[in-house]
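Architecture at a glance
These are the residues of each chain, in order.
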Amino acid sequence: VAYEQEGVFIHSSCGKNDDQDSLIPGVLRVIEKENEVIVDWRPLDDTLDTSNILCAGKDSSSVVEWTQAPKEKCFRGADRPSSYEAEWDMVTTVSFKKKPHSNGDATTHANGESKWSFLFSLTDLKSIKQNKEGMGWSYLVFCLKDDVKLPALHFHHGDSKLLIKCLEKHVVLNESPQDKRILLVNSQNKSLSQSFENLFDEPSYGLLQKLKKDPYTVTMGRFSKVTNYIFDSFRLSDPSTQRRPPSEMADFLNDAIPGLKINQQEEPGFEVITRIDLGKQPEVSRREPVSAEEWAKNMDSEGRILNVDYIKRLIFKGGLSYALRKEAWKFLLGYFPWNSTKEERANLQKRKTDEYFRMKLQWKSVSEEQEKRNSRLRDYRSLIEKDVNRTDRTNKFYEGEDNPGLILLHDILMTYCMYDFDLGYVQGMSDLLSPVLYVMENEVDAFWCFVSYMDQMHQNFEEQMQGMKTQLIQLSTLLRLLDSGFCSYLESQDSGYLYFCFRWLLIRFKREFSFQDILRLWEVMWTELPCQNFHLLLCCAILESEKQQIMDKHYGFNEILKHINELSMKIDVEYILCKAEAISMQMMNCKELPQAVSEILGIESSSVTPDSDTGEDESGAVLSCPTSLYQSISPPVIAANGTRDSTQQMSDTQSLTPA
């Protein structure tokens, strides 16, 4: 809290007498968050009615039981494995009811907030109107960019000078030429921030800080609004000043992730990738999705998977049928052990149900007063609510504002904060959860699958971003081997840092493909075939597919960024999977694969491969290549160009006898 002032009143004109205002006392705060600054005013009545707090007790089985309020509803998942979970339904009813305001003017809404409460981000502030000096109490009127005027705030205790001083740390306030009482928000003098205004289509206050502090939010939220006129805004405050060079913009973006060096020649410990002939990319085809019948035939009488490698190969080559996803994803994500029996899995679910609801109870039972003293929990809740409201509503599971799917999304993410309080919630996690919850249709199963997924992805969300740095460097290494000419072109256009791939890597392409396509893409990646870091080869496949247009049309920094961003929802998932698989085969069949690439892909070699300077293979090393992946299944249904071959029949995959 950067500023806090009590005795700030709203003078409501709803008094009993027409000539008398009704005074509503409140507290005004300026709150500095990680990626924005919030101005918040709320009335001074936050008392709890303790008579309405729901009480808890424990029975002999130690399962917490709650008495449900008569009018409260709790959402029951669409798919309950047993009645056991019903014992935990009461957890969703824990609530605290606030006393209604005694002042009839400040009526309380159903959610407990006064109708007069408001908060806004400084990015939305357009101007501030002040009163004339010597004319009664000092007051301010905030005007937002959508021309909404908030109620006047009257400072009964002191004046507004300290508030203005606090705001000036974050925005530049200039007197309006027409009216000296009006302060206009203007950031023209903040040249670095101003230079990116068109790039991110956002008011420029604090943008430099925001990009450096939270590149996740900036990259995911603002790169979707790139315009053709980035460089037009890259000027000093004087429009006639000469433009800054594009390299300066590239340096700025590169600095946003401290320590990121894409050029391996400047990075100690990296070998120089010389030009190596990888040979022609092989033709690759895909098969139909794995059916429930195929899955069942590979299970024994107790429910064990007989041949895990065989099943994974089938999934890699064709994905899963919709009906099978709910069960198979639990295995792919590691929630269910591959060698478990049906009975063992039922017992596991029962234990995990207990564990989940005990964690959920931790945050459900926190009162508003307690939450006020827990800034981290408050911040987590605020971020989660914001992200859940932005959830993709293109499928019915998440349609509508009060959709049960959205409620569960919120509850699972809050419970994850209890599970991993150190990491907590970081923007982007909801993107990873929403498809999982959609497939599971069950709160507990979705949570534990999400936990397993986050075990794979947590490095992307860590504060130091080491995971993202490593992946961008690895991607550059692979792309340089695949096409050094294209890499050189990107570097010549100040795009060699591949920052435009940040969102792809952060949330595993979630915003690049349609909702149904991402289900297919993720389940293929979860097989961990045909090599480590297959998602990096998917990036290479997309970039290589766009190489010709980028180079033929001589795209510069701005055009490359805009073009890559506009690929969202236009990428053919089957074609890219074919192409990425072909690239993996191409690299794994190469006898002179650099050691750095071998390590990225997890390919074992009998000894060290090419000399880093000359590119000569002095050791005669032979790479182990998992060719069985391509030899054991031969169902070419979808060709590498994405078209279906109706004349080509699938080979009898059932002839492969499970182990």
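Residues numbered from 1 in each chain as written. Predicted model: local features only at pLDDT ≥ 70, side-chain atom pairs only at ≥ 80, totals over all residues. Heavy atoms only, no water.

This part covers the overall build of the chain. A count of helical and extended segments in the chain gives 24 helices and 11 strands. Within the chain, residue pairs in contact and separated by at least 24 positions form 68% of the contacts whose partners lie at least 6 positions apart. When the accessible surface of the chain is split by element, carbon and sulfur atoms take 47% of a total near 30800 Å². (Helix = DSSP H or I, 4+ residues; strand = E, 2+ residues; numbered from the N terminus. Contact = heavy atoms within 4.5 Å. Areas by Shrake-Rupley, 256 points an atom, 1.4 Å probe, with all protein chains shown as cover.)

A word on the nonpolar core. In terms of nonpolar packing, the biggest core is built from 128 residues, with W295, M429, F461, F509 and M587 touching the most fellow members. When residues are assigned to domains, this core turns out to be shared by domain 2 (341–460) and domain 3 (466–601), each giving three or more. Excluding residues that lie within four positions of it along the chain, W295 makes contacts with V290, I305, I311, I315, L324, E327, A328, F331 and W338. Judged by nonpolar contacts, the second largest core, of 28 residues, contains Y3, L153, C166 and L167. (Core = buried A, V, L, I, M, F, W, Y, C linked by side-chain atoms within 4.5 Å. Buried < 20%, exposed > 50% of the residue type's maximum accessible area, 1.4 Å probe, protein only. Domains from an automatic or database assignment.)

What follows covers unusual backbone geometry. A cis amide bond links L529 with the next residue in sequence, P530, at an omega value of -5°. With respect to the helices and strands, P530 occurs in the loop between α19 (515–525) and α20 (534–552). In the Ramachandran plot, E528 falls in the positive-phi region, its phi being about 60° despite a non-glycine side chain. Its location among the elements puts E528 in the loop between α19 and α20. Residues other than glycine seldom take positive phi values, yet N533 does so here, at roughly 55°. Along the polypeptide, N533 turns up in the loop between α19 and α20.

Another point: the environment of I542. The residue I542 is located in helix α20 in this model. Exposure remark for I542: the relative accessible area of 2% places this residue in the buried category. When sequence neighbours within four positions are dropped, the list of residues in contact with I542 reads W504, F509, L567, I571 and I576.

Quick look at the packing of helix α12 (residues 375–389) against helix α13 (residues 404–419) now. When two helices pack together, their arrangement is given by the angle between the helix axes and by the axis-to-axis distance. One can describe the packing of α12 onto α13 by two numbers: an axis separation of 10 Å at closest approach and a directional angle of 150°. By the angle between their directions, the pair α12 and α13 is classed as roughly antiparallel. Of the two elements, α12 crosses α13, and the hand of that crossing is right-handed. Every residue of α13 that contacts α12 at L377, Y380, R381, I384, E385 and V388 is listed here: L406, L409, H410, L413, M414, C417 and M418. In terms of residue class, the contact of α12 with α13 is made up of 10 nonpolar, 1 polar and 2 charged. (Axes fitted to C-alpha atoms, helices over the stretch in contact; angles between N-to-C directions. Parallel < 35°, antiparallel > 145°, perpendicular 65-115°, else oblique. Left-handed = near helix turned anticlockwise from the far one by under 90°. Nonpolar A, V, L, I, M, F, W, Y, C, P; charged D, E, K, R; others polar.)

Turning our eyes to something else, we now look at the packing of α19 against helix α22 (residues 573–588). Two elements in contact, α19 and α22, have axes whose closest approach is 10 Å; the angle formed by their N-to-C orientations is 20°. The angle between the axes of α19 and α22 places the two elements in the roughly parallel class. Seen from above, α19 lies across α22 with right-handed handedness. Between α19 and α22, the contacting residues are D517, R520, L521 and V524 on the first element and V573, E574 and L577 on the second. Its residues assigned to classes, the contact of α19 with α22 shows 4 nonpolar, no polar and 3 charged.

Our focus in this paragraph is the side chain of R325. Following the sequence through the fold, R325 ends up in helix α9 (residues 322–332). Since its relative accessible area comes to 5%, R325 is described here as buried. The residues contacting R325, other than those within four sequence positions of it, are L320, V439, M440, Q516, L519, R520 and E523.

To continue, consider the packing of aromatic side chains. Taken as a whole, this structure holds 26 aromatic pairs when the rule is applied. Put simply, the rings of Y356, F357, Y416, Y419, F447, W448 and F450 pair up and form one aromatic cluster. Against the face of W448 rests K352, its NZ or CZ located 4.1 Å from the ring centre. (Phe/Tyr/Trp six-rings, centres within 6.5 Å; stacked < 30°, edge-to-face > 60°. Lys NZ or Arg CZ within 6 Å of the ring centre and 35° of its normal.)

Further remarks concern the pairing of strand β1 (residues 3–12). The buried fraction of β1 is high, at 8 of 10 residues. As paired strands, β1 and strand β2 (residues 22–32) are joined by 9 bridges and run antiparallel to one another. Residue pairing for β2: S12 is matched across the bridge by S22. For β1 and strand β9 (residues 153–155), the ladder comprises 2 bridges, and the chain directions are antiparallel. Pairing of V8 across the sheet is with F155, part of β9. (Pairing = 2+ DSSP bridges.)

The next point concerns the sheet that holds strand β11 (residues 182–185). Two modes of strand pairing occur in sheets, parallel and antiparallel, and in both the strands are linked by backbone hydrogen bonds. As summarised here, the arrangement of the 9 strands in space is β6-β3-β2-β1-β9-β8-β7-β11-β10, forming an open sheet in which the pairing is antiparallel. Two strands in the sheet have a free side with no partner beyond their single neighbour: β6 (118–121) and β10 (173–175). Taken over all neighbouring pairs, the strand axes of this sheet differ in orientation by 30° on average, direction set aside.

Looking at the element boundaries, Y416 is found in helix α13. When its relative accessible area of 2% is taken as the criterion, Y416 is described as buried. With sequence-adjacent residues up to four places away left out, Y416 is seen in contact with L423, G424, M429, F447, F450, V451 and M454.

Now for the confidence of the model for the chain. Summary statistics for the chain give a mean pLDDT of 74 and a share of 64% for residues scoring 70 or more. This model gives residues 187–209 a pLDDT under 50, and the stretch forms 62 contacts once residues within four places in sequence are excluded. In the predicted structure, residues 606–628 sits below a pLDDT of 50 and forms 46 contacts with residues beyond four places in sequence or in another chain. (pLDDT = per-residue confidence, 0-100.)

Before going further, it helps to examine the pairing of strand β7 (residues 125–130). Two elements, β7 and strand β8 (residues 138–144), share 5 bridges in a ladder whose sense is antiparallel. Opposite L125, over in β8, you have L144 as the bridge partner. The pairing of β7 with β11 spans 3 bridges and is classified as antiparallel. When the bridges of β11 are listed, K129 appears paired with I182.

What follows is about α22. For α22, which comprises 16 residues, the first-to-last C-alpha distance of 22 Å matches the rise-based estimate of 22 Å (1.5 Å per residue) to within 8%. Judged by how many residues are buried, α22 sits mostly within the fold: 15 of 16 residues are covered. Backbone nitrogen of E574 and a side-chain oxygen of the N-cap are separated by 3.1 Å at the start of α22; the cap is D572. (Expected span 1.5 Å × (residues − 1). Polar contact = N/O pair within 3.5 Å; in protein donor to acceptor, adjacent residues only side chain to side chain.)

Side chains that differ in charge, positive against negative, can pair when their charged atoms come close. Throughout the structure, instances matching the rule amount to 29 salt bridges. Across the salt bridge formed by D147 and K126, the nearest N and O atoms sit 3.0 Å from each other. In this pair, D147 sits in the loop between β8 and β9 while K126 sits in strand β7, placing the two residues 21 residues apart along the sequence. Among the residues examined, K126 registers a relative accessible area of 39% and is labelled partly exposed. (Salt bridge = Lys/Arg side-chain N within 4 Å of Asp/Glu carboxyl O.)

Turning to helix α17 (residues 484–492), a few remarks are in order. All of the buried residues in α17 are S484, F486, C487, Y489 and L490. Turning to α17, the residues buried within the fold contact α16 (466–482), α20 and α21 (557–565). At the N-terminal boundary of α17, the capping side chain belongs to D483, with an oxygen 3.3 Å from the backbone nitrogen of G485. Backbone geometry just after α17 places D494 at a positive phi near 60°.

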